[in-house]
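A look at the structure
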Amino acid sequence: MKKKGVFNTFKGAVREDILKYCEEKNIKEGEFRPVSIYQWEDIYNKIIDEFVDKTNSYKQGLHWLNIDYCFHKEKKIQYSYDSRDNWEWILNLREFVENAEKQAYYLVEEGTKFWIFEGTLERISEMIYEEFFLQDYYIVDKKYQWMITCNHHEIILFVGNGFCMEDIKKRLPRG
């Protein structure tokens, strides 16, 4: 169990830290890997097209500050959760989405950059819980139906369709 105030080991080079974590834990490429340099821009732009409302702050791209008012009407926020003092929620990630056996994209924000990885929800949730829980991140369905995002204030937003809302509401009650 994570204790309040315990920070992760992030040193400022998130991509390298994630790759080092994968190597140390012997995580296979089929379970988690960075997307290729030829894919990342298309993936990022598709996420922008699917989730960011172009009428407000579009030029800023994907950013947690835009979330409250920038998503398309059909991809609205379904649920929000303040995860402070409960980092364990991420270990139940597979229970919160339909088709949880599929892979997803994992975007980690580092300054003005995004590092994009793809992997199983199990691996993504383990990595976030064990090492990278204080990073701004986005988990996006590879069919771009839903997004889960967490900012550095530890506010979790479930955006779009394809969530098991009963499980989310039962396991992540609002304060």
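In what follows, the structure referred to is the one given above.
Let us look at the structure shown here. (Residues numbered from 1 in each chain as written. Predicted model: local features only at pLDDT ≥ 70, side-chain atom pairs only at ≥ 80, totals over all residues. Heavy atoms only, no water.)

As for unusual backbone geometry
Even without being glycine, asparagine 26 reaches a positive phi, approximately 55 degrees. Along the chain, asparagine 26 falls in the loop between helix H1 (14–24) and strand E1 (32–34). One non-glycine residue, tyrosine 144, adopts positive backbone phi at about 60 degrees. Among the structural elements, tyrosine 144 can be located in the loop between strand E5 (137–141) and strand E6 (146–150). (Helix = DSSP H or I, 4+ residues; strand = E, 2+ residues; numbered from the N terminus.)

Things to note about the packing of aromatic side chains
Think of a pair of aromatic rings as described by two things: how far the centres are apart, and how the planes are tilted against each other in angle. Under the defined criterion, the tally for this structure stands at 13 aromatic pairs. Centre to centre, the rings of phenylalanine 32 and tyrosine 106 are 6.1 Å apart; their planes meet at 55 degrees, and the pair counts as tilted. Taken as a pair, phenylalanine 32 in strand E1 and tyrosine 106 in strand E3 (residues 103–110) lie far apart in primary sequence, 74 residues in all. For phenylalanine 32, a relative accessible area of 3% translates into the label buried. (Phe/Tyr/Trp six-rings, centres within 6.5 Å; stacked < 30°, edge-to-face > 60°. Buried < 20%, exposed > 50% of the residue type's maximum accessible area, 1.4 Å probe, protein only.)

A word on the pattern of salt bridges
One pass over the structure, following the stated rule, counts 8 salt bridges. In this structure, glutamate 50 engages lysine 46 in a salt bridge whose closest nitrogen and oxygen atoms are separated by 3.4 Å. Of this pair, glutamate 50 and lysine 46 are both found in helix H2 (residues 40–51), 4 residues apart, which corresponds to roughly one turn of the helix. A residue is classified by how much of its surface remains accessible, and glutamate 50, at 23% relative accessible area, is partly exposed. The closest approach of N and O atoms between arginine 123 and glutamate 126, which form a salt bridge, is 2.7 Å. Separated by 3 residues within a single helix, arginine 123 and glutamate 126 lie in helix H5 (residues 121–130), roughly one turn from each other. Taken together, the salt bridges that share partners define one network made up of Glu31, Arg123 and Glu126. (Salt bridge = Lys/Arg side-chain N within 4 Å of Asp/Glu carboxyl O.)

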